[in-house]
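Reading the structure
Chain by chain, the residues run as shown.
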Amino acid sequence: PVITTFPSAMLCYWVPNNFITLVQSVTLRNDWVKQQLGIWDRPKPIPGQKSDAGFAETMNNLVKQVKGEPTTEKEKIKKHNQEIETRKRVQQVSKAARARRRG
């Protein structure tokens, strides 16, 4: 149904291109072909090492960076410590102001 509205030139490009892509991906997954072409397998991750972030996680981190939010555990701890220090300073200033008012 959708294909009937496509121009014939687009169909003549799209079908062979998809077929070639399918054959290429199936062929390059074959171990013998990889060996003949010198393509090596992707290295396995080191245990305990964080794996590469996926697209969605990378985009979420980018949005957080733009907003100024922490993206790593270290940054979260640093921000938390800064908030604690700010609260302590506010409390000290408040106590000093109360003491001055009391006189």
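Our structure's up above, just so we're on the same page.
First things first, this report covers the structure right here in the doc. Everything numeric in this text was worked out from a predicted model, so none of it was measured.

Turning to a nonpolar patch on the surface, a few remarks are in order. A cluster of nonpolar side chains, namely Met10, Tyr13, Trp14 and Val15, defines an oily patch on the protein surface of about 430 Å² accessible area. As for its placement among the helices and strands, Met10 is situated in helix 1 (residues 8-28). The class for Met10 is partly exposed, based on a relative accessible area of 44%.

It is worth spelling out helix 4 (residues 73-102) at this point. Three or four residues apart is the spacing at which side chains of an α-helix point the same way, because the helix has 3.6 residues per turn. Under the 1.5 Å per step criterion, the end-to-end length of helix 4 is 44 Å for 30 residues, consistent within 8% with the ideal 44 Å. At the exit of helix 4 stands Gly103, carrying a positive phi of roughly 90°.

Right, let's talk about the side chain of Lys34 for a bit. In this fold, Lys34 is placed in helix 2 (residues 31-37). Lys34 gets classed as buried once you look at its relative accessible area, which sits at 17%. Discounting chain neighbours no more than four positions away, the residues touching Lys34 are Leu28, Arg29, Ile39 and Asp41.

Thresholds, definitions, all that
Within every chain, residues take consecutive numbers counted from 1 along the sequence as written. Two thresholds apply to this predicted model, a pLDDT of at least 70 for residue-level local features and 80 or more for giving and counting side-chain atom pairs, whereas whole-chain, interface and lining totals are computed over all residues. Only hydrogens and water are removed before side-chain values are computed, so all heavy atoms of the structure are retained for them. A patch is a set of surface residues, each over 30% in relative accessible area and not in a salt bridge, joined within 9 Å for like charges and within 5 Å for the nonpolar side chains Val, Leu, Ile, Met, Phe, Trp and Tyr. All accessibility values rest on the Shrake-Rupley procedure with a 1.4 Å probe; residue burial counts only the protein chains present in the view. Salt bridges are identified by distance alone: a Lys or Arg side-chain nitrogen within 4 Å of an Asp or Glu carboxyl oxygen. Numbering goes from the N terminus for both helices and strands, where a helix is a DSSP run of H or I of at least four residues and a strand is a run of E of at least two. The rule is simple: take the accessible area with a 1.4 Å probe, protein chains only, and divide by the maximum for that residue type; under 20% is buried, over 50% is exposed, in between is partly exposed. In this scheme, a helix's expected span is set at 1.5 Å multiplied by one less than its residue total. Contact criterion: two residues are considered in contact whenever any of their non-hydrogen atoms come within 4.5 Å of each other.

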